[in-house]
Amino acid sequence: MSKTLVVVVPDADILAATVASRLVAKIVDAQAERGTASVVLTGGRIAGKVLHTLKDLPAAAAIDWSHVDLWWGDERFLPSGDADRNETQARAALLDALPLEEARVHAMPASDGPDGDDAEAAAARYAGELRLGGADVPPFDVLMLGVGEDGHVASLFPEHPVLNETGTTAAVHNSPKPPPTRITLTMPTIQSADEVWLIAAGPDKTESVGKALNGDKLLPAAHATGASKTYWLLDKAAAANVAAKS
Ligand SMILES: O=C(O)[C@H](O)[C@@H](O)[C@H](O)[C@H](O)COP(=O)(O)O
């Protein structure tokens, strides 16, 4: 049973700093325990702010970046290097400044990659990469998610057929959030992570965060739980409809 913890901080800047600090600690602990760490990144504004903040965090120097595996929870199915790709944005915000082992940066395929514009084949290719360690999915230490205004996480949108996918990855068509075609981890894959961190800031997330935390199962965010812990990392505005712990 996943333990849910809700952390509320004053604003988006403090939220980005809080999440960045937690991520450093989580990676350092994972490396102390087993010499490596596996982190799933996400797209969006607050996620980008977290990565950018981490770049200037002195404690990040405690991480052996050559022993970190980076994955993505979803990707916009666009040509490699496209400014709207989550990978492009993550590289610009942080990754290009780190001494990462390139083979351990597991970007989702681009629409000009080996499978061309066949999103299903590209999703299957990523499922194959997830299996490289021998299991269906690697032991993700932390899987980060932004939360959409409609309660989507990764590219899992409310009442979208992709929610019925039972494999480890899926192609998404007719995404309500542009671009229309995406690749995503499925909800079972998200739920396999040791910890899932849902990160949301701003008043445009008040409704979806409040509904998800109040158990509205129509919102995919309400299903995004980690195997051991689920963290909701929020600023005050996003948490406005969340009942405060007494
Ligand atoms: O590819 C994407 O668009 C993201 O993975 C998506 O799931 C994002 O995390 C949320 O839409 C929140 O985005 P914001 O933090 O920018 O609101």
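Residues numbered from 1 in each chain as written. Predicted model: local features only at pLDDT ≥ 70, side-chain atom pairs only at ≥ 80, totals over all residues. Heavy atoms only, no water.

Participant: Would you mind going over the UniProt feature "domain: Glucosamine/galactosamine-6-phosphate isomerase" (unreviewed entry) in the protein chain with me for this structure?
Facilitator: Within this numbering scheme, the UniProt entry marks residues 10-232 as carrying the feature "domain: Glucosamine/galactosamine-6-phosphate isomerase" (unreviewed entry). Between the first and last C-alpha atoms of residues 10-232 the distance is 14 Å; the span itself is 30% helix and 16% strand. (UniProt positions renumbered as here; feature names shortened; annotations may be inferred. Helix = DSSP H or I, 4+ residues; strand = E, 2+ residues; numbered from the N terminus.)

Participant: What is the right way to look at helix H2 (residues 45-55) in this model?
Facilitator: For the α-helix, the turn length of 3.6 residues means that residues three or four positions removed from each other point alike. Every buried residue of H2 is accounted for by Ile46, Ala47, Val50, Leu51 and Leu54. The buried residues of H2 all sit within an arc of 145° when viewed along its axis, so they share a single face. If you follow the buried residues of H2, they end up packed against helix H1 (12-34), strand E2 (37-41), helix H3 (86-93) and strand E8 (195-200). (Buried < 20%, exposed > 50% of the residue type's maximum accessible area, 1.4 Å probe, protein only. Arc of directions from axis to C-beta. Contact = heavy atoms within 4.5 Å.)

Participant: Any chance you could explain the site of the ligand here in plain terms?
Facilitator: Around the ligand, 15 residues are found, and the nearest of them are Arg45, Asp74, His152, Ala154 and Lys205. In this structure, an oxygen atom belonging to the ligand sits 3.3 Å away from a side-chain N or O atom of Thr42. A distance of 2.8 Å separates an oxygen atom of the ligand from a polar side-chain atom of Lys177. Secondary structure elements with two or more residues in the shell around the ligand: H2 and strand E4 (74-76). (Near = heavy atom within 4 Å. Polar contact = N/O pair within 3.5 Å; in protein donor to acceptor, adjacent residues only side chain to side chain.)

Participant: Looking at this structure, I do not really get the packing of aromatic side chains. What am I missing?
Facilitator: Where two aromatic rings form a pair, the distance of their centres and the angle of their planes describe that pair. According to the stated counting rule, one finds three aromatic pairs in the structure shown. Of the aromatic side chains, those joined through ring pairs into one cluster are Trp71, Tyr126 and Phe140. Residue placement shows Arg22 over the ring face of Tyr231; its charged tip is 4.4 Å from the ring centre. (Phe/Tyr/Trp six-rings, centres within 6.5 Å; stacked < 30°, edge-to-face > 60°. Lys NZ or Arg CZ within 6 Å of the ring centre and 35° of its normal.)

Participant: What should I look at first to understand the environment of Phe77 in this one?
Facilitator: Summarising the element assignment, Phe77 is placed in the loop between E4 and H3. Each C-alpha atom, one on Phe77 and one on Leu156, is 14 Å from the other, the two residues being 79 residues apart in sequence. Setting aside residues no more than four positions away along its own chain, Phe77 makes contact with Pro109, Ala110, Ser111, Gly116, Asp117, Asp118, Ala119, Ala122, Thr181, Arg182 and Ile183.

Participant: Help me understand the sheet that holds strand E6 (residues 169-172) in this model?
Facilitator: Ordered in space as E4-E7-E6, the three strands form an open sheet in which the pairing is antiparallel. The strands lining the two open edges of the sheet, one partner per strand, are E4 and E6. On average, adjacent strands in this sheet sit at an angle of 15° to one another, irrespective of strand direction. Relative to strand E7 (residues 182-185), E6 runs antiparallel, the two being bridged by four bridges. Bridging across to E7, Val172 finds its partner in Arg182. Along the sheet, helix H4 (residues 119-130) contacts E6 and E7; its crossing angle with E6, the most-contacted strand, is approximately 160°. (Pairing = 2+ DSSP bridges. Axes fitted to C-alpha atoms, helices over the stretch in contact; angles between N-to-C directions.)

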